[in-house]
Amino acid sequence: MPNFISAATLKAMLHDGQEIALLDVREHGQYGEAHLFYAASLPYSRLELDIHRLVPRKQVRIVVYDGGDEASRDVAGRAALRLQALGYAQVMILEGGARAWRDAGYKLFAGVNLPSKTFGELVEHAYHTPRISAQELARKQAAGEPLAIFDGRPVNEFHKMNIPGATCCPNGELAYRIKSLVPDDSTPIVINCAGRTRSIIGAQTLINLGIPNPVFALENGTQGWFLADLALEHGGTDRYGDNTGSPALLPQARALAERFNVPYVTAQTVRAWAQDAGRTLFLCDVRTSAEFHAKSLPGAQHTPGGQLIQACDQYVGVRGARLVLFDSDGVRAPVVASWLRQMGHDASVLEDGLSSGLALQAEPAATPPRLERISAAQLASRMQAGDVAVVDVRAGMQYRAGHIPGSRWSIRPRLASDLRHETRQAVLVADDARIAQWAAIELVRAPLLLEGGLDAWQAVGYAVEPSPDCPSDEDCIDYLFFVHDRHDGNKEAARQYLAWETGLVAELDEQERGNFYLPASA
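About the thresholds
Residues numbered from 1 in each chain as written. Predicted model: local features only at pLDDT ≥ 70, side-chain atom pairs only at ≥ 80, totals over all residues. Heavy atoms only, no water. Domains from an automatic or database assignment. Contact = heavy atoms within 4.5 Å. Buried area = accessible area lost by both parts, 1.4 Å probe. Helix = DSSP H or I, 4+ residues; strand = E, 2+ residues; numbered from the N terminus. UniProt positions renumbered as here; feature names shortened; annotations may be inferred. Buried < 20%, exposed > 50% of the residue type's maximum accessible area, 1.4 Å probe, protein only. Pairing = 2+ DSSP bridges. Right-handed = clockwise from strand over helix to strand, strands pointing away.

For the protein, the name recorded in an unreviewed UniProt entry is Sulfurtransferase, with Bordetella genomosp. 7 as its organism.

Engineer: Which residues make up the domain arrangement of the protein, and what values go with them?
Structural biologist: Assigned domains within the protein: domain 1 (3-112), domain 2 (118-246), domain 3 (254-353) and domain 4 (373-475). Inter-centroid distance (C-alpha atoms) of domain 1 to domain 3 is 25 Å. With 17 residues of domain 1 in contact, the opposing surface of domain 3 contributes 17 residues. The junction of domain 1 with domain 3 conceals about 1200 Å² of combined surface from both sides, 46% of it contributed by carbon and sulfur atoms. Considering only the surface of domain 1 that becomes buried against domain 3, Glu19, Arg53 and Arg57 emerge as the three largest contributors, covering 40% of it. For the side of domain 1 that touches domain 3, the secondary structure elements donating two or more residues are strand S2 (21-24) and helix H3 (47-54).

Engineer: Pulling in residues and values, what's your account of the UniProt feature "domain: Rhodanese" (unreviewed entry) in the protein?
Structural biologist: Here the UniProt-annotated "domain: Rhodanese" (unreviewed entry) positions come out as residues 16-110, 143-234, 285-366 and 384-466. Here residues 16-110 runs as 34% helix and 17% strand, with 25 Å between its end C-alpha atoms.

Engineer: So what about the environment of histidine 52? Which residues, and what values?
Structural biologist: Here histidine 52 lies in helix H3. Residues histidine 52 and alanine 366, spaced 314 residues apart in sequence, show a C-alpha to C-alpha distance of 8.4 Å. Beyond its immediate chain neighbours, meaning those up to four positions away, histidine 52 contacts Lys58, Tyr88, Glu363, Pro364, Ala365 and Ala366.

Engineer: Help me get a handle on the pairing of strand S4 (residues 61-65), residues and values and all.
Structural biologist: Counting buried positions along S4 gives 5 out of 5 residues, so the element sits mostly inside the fold. Of the two faces of S4, the one carrying Arg61, Val63 and Tyr65 and the one carrying Ile62 and Val64 are both buried. Strand direction decides the pairing type here: S2 and S4, joined by 4 bridges, are parallel. Within S4, the residue paired with alanine 21 across the bridge is isoleucine 62. Here S4 runs beside strand S5 (residues 90-94); their pairing, made up of 4 bridges, is parallel. Residue valine 63 lies in a different strand from S5, and its bridge partner there is methionine 92. Note on the crossover from S4 through helix H4 (residues 75-85) to S5: the handedness is right-handed.

Engineer: How would you summarise helix H16 (residues 332-342) if you had to cite specific residues and measurements?
Structural biologist: Among the 11 residues in H16, 10 count as buried, and that is most of the element. Of the residues flanking the end of H16, it is glycine 344, one or two places downstream, whose phi is positive at about 100°.

Here it is, written out as structure tokens:
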């Protein structure tokens, strides 16, 4: 059995300089309500799917925890046993979970991507990043003043809502594309996101590079625009052109790397690091999705530069690991690495990037157990006969939107409990078959799997039905209402979110704040 450790022991481990993976194995909604500052979210329902990406080295110290309450139902213990079964050698459990951490006098945090969002607030304080209010920006637009507005979020987020007149250019692309997009050095540039972090980081990136244009972060992003009673656009598709890349800022990018002590390392060095059994290595391709899928380096994961800064814990689950970044232009990787260094990460840049010839061997993910498949027509027939129990293990909000009539919703941590009195054979419905396959190991009797999921059910003409209140908000443990309500026309939720974000710095203890390395002038 894995060892249990106390909150005090874990606190010491988090700051002892050695690598550690701290994993919250509750579902995403539970995680987002209250979790430890350095915890990466690894929901038990996705454990086998994501663990090899987040924690690639089997010998690293791992501490898992849950809520320490009835709602968690000892998911940490089950997750720890699964990790051991997958070959992880140093798995520990935080005794008493998040509740014990709080009772020991340590802080729990709401929200997601805590280190990155806190870093954004510290950056604004350290650099005094210029900002512009929504009202002032709208006034300048109405007056016809020259402006270049760029949204630093990924395309899918930009599509949900955007500032009128903005162009989507994710932060990781700004240094590579800005000279092509804004050839006039006198044109003011405004960077925005949905809230604060990417607005601040995007604007300060251009300032740190030394471009001559006036640069501003839009204060509070699209939420600030919405709170000022200004209309947002939805469904936007205006994005940078694929041919806008330029090496014009290459000297400035290398100077930025030097300023923040970012090492450049050769492929030979990285190969040696990959053989080091005592350190974890992440090889990070910071280019666009299209570039990554067209060609990358073997053993690399796609970590788009802007998102690697904004949500590093979604890509890197090991504190203290080595991060080696690369691109194909020499501009993007050093700029992103300069920020990661200030966040306290051991980040380097691969010399010659995509042309380096580096090839690493990545360990394949675990193979899920096989399940017998059932077609939509067969399922409909057996449902009519009444000899199967249909269980939908898709996301709770997807179930609400539409599901097979007569099915029930469940999720892996609760699956065995939900079916404990069921005598009929279960049939699992999932968009990703692997979710259902791994969930199936919780059951004594192997379930069937609906071939093709809900899409296959609908494709042959069978009906689906919505249930706006089922699962209930309380049961919908995989959905974080705190984050999403702010984008659904709820002004109070937007205000609360912005207050939470601007208040993060004050919540840090001395050790947590000391792990950021911003300029001494701060």
